[in-house]
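The lines below spell out each chain.
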Amino acid sequence: DAGVIQSPRHEVTEMGQEVTLRCKPISGHNSLFWYRQTMMRGLELLIYFNNNVPIDDSGMPEDRFSAKMPNASFSTLKIQPSEPRDSAVYFCASRAGTGNTEAFFGQGTRLTVV
Amino acid sequence: SQELEQSPQSLIVQEGKNLTINCTSSKTLYGLYWYKQKYGEGLIFLMMLQKGGEEKSHEKITAKLDEKKQQSSLHITASQPSHAGIYLCGAPRDRWNDMRFGAGTRLTVKP
């Protein structure tokens, strides 16, 4: 398996623009997580899905952030409009089942908003 | 506030030395995970601990879980430059779902 695939790896955009980050989880995994990592705040859980259904989005910082999982093999995280403080590395992770199984992480998308 | 506190925040050791990283939870632990991250890369799973008193080893890395104290320790024996990176502990907030992480411990191993 190719693992969790995220695209793009790097994104530079201007403030106010819409940004869409993409994630393809490992086939057969039914839990998917979006994280944001910064030096100041570490690795923060933004939202997670179970069987394509959003379970907890309390970590989504603002209404500018939205996430979807239209099917088991694809998820998006959208920021509209983007702001410089959104600059971070965004990770997607997937896991088989719930509870005590390990999550596998993608390589991340480094977002820079100028 | 962080539910998972890691200590130390950073650590610099000489190659060959042993070291320990700690992770303490403010809430009941329903399992604990250790991951390693190299700069610019994703997190790599190291090991998962589920039961109090459980201890697991992978090569020169050993992790233990003290369920009563709600803490885990990760011990590296005879450290090597390849051990350098950020070590993160993670735990589900409740019994079934999600996974949240500590702030991480940045390890530097000097040759």
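Check the entry above for the structure.
A brief structural summary.

About the criteria used
Residues numbered from 1 in each chain as written. Chains lettered and ligands numbered in written order. Predicted model: local features only at pLDDT ≥ 70, side-chain atom pairs only at ≥ 80, totals over all residues. Heavy atoms only, no water. Buried < 20%, exposed > 50% of the residue type's maximum accessible area, 1.4 Å probe, protein only. Helix = DSSP H or I, 4+ residues; strand = E, 2+ residues; numbered from the N terminus. Pairing = 2+ DSSP bridges. Phe/Tyr/Trp six-rings, centres within 6.5 Å; stacked < 30°, edge-to-face > 60°. Salt bridge = Lys/Arg side-chain N within 4 Å of Asp/Glu carboxyl O. Contact = heavy atoms within 4.5 Å. Disulfide = S-S within 2.5 Å.

### Thoughts on the pairing of strand 1 (residues 4–7) of chain B
Residues and elements named next belong to chain B.
- Burial of strand 1 is one-sided: the residues Leu4 and Gln6 facing one way are buried, the residues Glu5 and Ser7 facing the other way are not.
- Two strands pair when backbone bridges link them, and strand 1 and strand 3 (residues 19–25) are joined in this way by four bridges, in the antiparallel orientation. Across the sheet, residue Gln6 finds its bridge partner in strand 3, namely Cys23.

### Describing the packing of aromatic side chains
- Evaluation of the coordinates by the stated rule reveals nine aromatic pairs over all chains.
- Arranged with centres 6.3 Å apart and planes meeting at 75 degrees, the rings of Phe91(A) and Phe105(A) form a pair that is edge-to-face. A residue pair is termed long-range when its members are at least 10 positions apart, and Phe91(A) in strand 9 (residues 88–95) and Phe105(A) in strand 10 (residues 104–105) qualify at 14 residues.
- Between the aromatic rings of Tyr35(B) and Phe45(B), the centroid separation amounts to 5.6 Å while the plane-to-plane angle is 70 degrees, which identifies the pairing as edge-to-face. Taken as a pair, Tyr35(B) in strand 4 (residues 32–37) and Phe45(B) in strand 5 (residues 43–49) lie far apart in primary sequence, ten residues in all.
- Since its relative accessible area comes to 0%, Tyr35(B) is described here as buried.
- Classification of Phe45(B) as partly exposed rests on a relative accessible area of 25%.
- One aromatic cluster in this structure is built from Phe33(A), Tyr35(A), Tyr48(A), Phe91(A), Phe105(A), Tyr35(B), Phe45(B) and Phe101(B).

### Focus on the pattern of salt bridges
- Enumeration over the complete set of coordinates arrives at 13 salt bridges over all chains.
- Here Glu3(B) makes a salt bridge to Lys27(B), at a shortest N to O gap of 3.3 Å. Of this pair, Glu3(B) sits in the segment before strand 1 while Lys27(B) is found in the loop between strand 3 and strand 4, placing the two residues 24 residues apart along the sequence.
- In this structure Glu3(B) comes out as partly exposed when scored by relative accessible area, which is 26%.
- A relative accessible area of 42% means that Lys27(B) is categorised as partly exposed.
- When salt bridges that share partners are traced, they join Glu62(A), Arg64(A), Glu83(A), Arg85(A) and Asp86(A) into one network.

### Things to note about the environment of Gln107(A)
- Take Gln107(A): it is sitting in the loop between strand 10 and strand 11 (109–113).
- Put simply, Gln107(A) and Phe74(A) are 33 residues apart on the chain and 16 Å apart in space, counted from C-alpha to C-alpha.
- Among residues more than four places away in sequence, those in contact with Gln107(A) are Gln6(A), Arg9(A), Phe91(A), Gly40(B), Glu41(B) and Gly42(B).

### Section: the state of the cysteines
Residues and elements named next belong to chain A.
- The final tally for this structure, using the stated rule, is two disulfides over all chains.
- Through a disulfide, Cys23 is tied to Cys92; the S-S separation comes to 1.9 Å. Between Cys23 and Cys92, the S-S torsion sits near -65 degrees, and that sign places the bridge as left-handed. Taken together, the residues Cys23 in strand 3 (residues 19–24) and Cys92 in strand 9 connect sequence positions 69 residues apart. Cys92 matches Cys23 in its accessibility class, with the two residues each being buried.

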